[in-house]
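Listed below, chain by chain, are the residues.
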Amino acid sequence: HAADAHRTDLMTITRFVLNEQSKHPESRGDFTILLSHIVLGCKFVCTAVNKAGLAKLIGLAGETNVQGEEQKKLDVLSNDVFVKALISSGRTCILVSEEDEEATFVEPSQRGRYVVVFDPLDGSSNIDCGVSIGTIFGIYMVKHSNEPTLDDVLQPGENMVAAGYCMYGSSCTFVLSTGVGVNGFTLDPSLGEFILTHPDIKIPNKGKIYSVNEGNAKNWDGPTAKYVEKCKFPTDGSSSKSLRYIGSMVADVHRTLLYGGIFLYPADKKSPNGKLRVLYEVFPMSFLMERAGGQAFTGKQRALELVPKNIHERSPIFLGSYDDVEEIKALYAAEGKE
Ligand code: P6P
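Note that the coordinates shown come from a computational prediction; the quantities given were computed from them, not determined experimentally.

J.: Just to check I follow, could you spell out the environment of K143 for this structure?
T.: Relative to the helices and strands, K143 resides in the loop between β4 (133-141) and β5 (162-168). Expressed as a C-alpha distance, the spacing of K143 and N159, which sit 16 residues apart in the sequence, is 9.8 Å. Excluding anything up to four places from it in sequence, K143 contacts D151, D152 and Q155.

So this is what it looks like as structure tokens:
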């Protein structure tokens, strides 16, 4: 019976990636092993985040726990877990984390061919109020086989071989692209497995939602201000868009991916490069948006064509439904001609 088959034919993320790997006979399974270690890290963080509220309740988070040990802040703990999991995979050679000022160069005996850039717990300031937060990651292949250098990290986003995020919310959702298409998996806590629940995600071509921190409006440049004005007071007779802003990138981007619309973190007079980081926020989310049929723009260029000059560089970002991003691109192009 089809229903039974659906229930018993569990497409786990591991099986899904192995299927993908079988399409590349030349691959040695390294990516599958790397991804399984990222998935392990996400399962750990999911458990820790879910306990965080309780931990705070019984006075563990951020203070000393019953053994009198200093309880690490969740974002530091998450970072430790991901760094250790990635190194122990034996498939990485450089790691860049939002939590670490410098890149981590894996020592030769444990070195592999992948560069992983990640934010272990993006939006962690939202933990105490229970808002969804997430892990964001991007994966490059090293550019050359000799001694790895930062040159292997400072690559344009379009060179990524995979990108994804894991959102820790009412459910634990892992969204991944390995280059073609975007697929979503939901953690089944009883199995401890991520099951395929959102096959082949496509973002609607146009949406009814805009997502931006309106509190920065006084500092916006002309095109952003004009675009938001059009969202609120459309001049073509269409209805105005709704504003939805959670202030946690993974949550705002996940909603945009599934429902359509546009997410904006523009430059402003205070922060000329915006706030979001190129390698482990802008690139992975732009990679996913393009492979789901949307697009991502920096105000000057296609986001994935940006070549970062340092590992914590920031960039303005406008991403989401294709037609919605086209509108703001036109406003920036028109400004360029003034
Ligand atoms: P603002 C969270 O701190 C974060 O890095 C992203 O997750 C989020 O999109 C953004 O900052 C929110 O920034 O300035 O609107 O509070």
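What follows continues from the structure just given.
J.: Quick question: what am I supposed to make of the confidence of the model for the protein here?
T.: Detailed reading of the predicted coordinates is not advisable wherever pLDDT is low. Mean pLDDT over the protein stands at 91; residues scoring 70 or higher make up 92%. Residue range residues 57-61 is modelled with pLDDT below 50. Its contacts to residues more than four positions away, or to other chains, number nine contacts. Of the two predicted TM-score estimates for the complex, the pTM is 0.94 and the ipTM is 0.98.

J.: How should the environment of V142 be read in this particular structure?
T.: Structurally, V142 is set in the loop between β4 and β5. Note: C-alpha distance between V142 and E26 (116 residues apart in sequence) is 17 Å. In contact with V142, not counting residues within four places along its chain, are C93, R113, V115 and D152.

J.: Just to check I follow, could you spell out unusual backbone geometry for this structure?
T.: Trans is the prevailing form of peptide bonds, just as negative phi is the prevailing case for residues other than glycine. The phi angle at D200 is positive, at roughly 50 degrees, despite the residue not being glycine. By the secondary structure assignment, D200 is in the loop between β8 (193-198) and β9 (209-211).

J.: Got a minute to help me understand the packing of aromatic side chains in this structure?
T.: Each aromatic ring pair is characterised by the separation of its centres together with the angle its planes make. Under the definition given, this model contains nine aromatic pairs. Between F16 and F185, the ring centres sit 5.3 Å apart and the planes meet at 75 degrees, which makes this aromatic pair edge-to-face. Here F185 lies in strand β7 (residues 183-188) and F16 lies in helix α2 (residues 13-22), a separation of 169 residues in the sequence. On the basis of relative accessible area, F185 is assigned to the buried category, the value being 0%. Among the aromatic residues, those joined into a cluster by ring pairs are F137, F174 and F194.

Scoring rules and cut-offs
Residues numbered from 1 in each chain as written. Predicted model: local features only at pLDDT ≥ 70, side-chain atom pairs only at ≥ 80, totals over all residues. Heavy atoms only, no water. Helix = DSSP H or I, 4+ residues; strand = E, 2+ residues; numbered from the N terminus. Contact = heavy atoms within 4.5 Å. pLDDT = per-residue confidence, 0-100. Phe/Tyr/Trp six-rings, centres within 6.5 Å; stacked < 30°, edge-to-face > 60°. Buried < 20%, exposed > 50% of the residue type's maximum accessible area, 1.4 Å probe, protein only.

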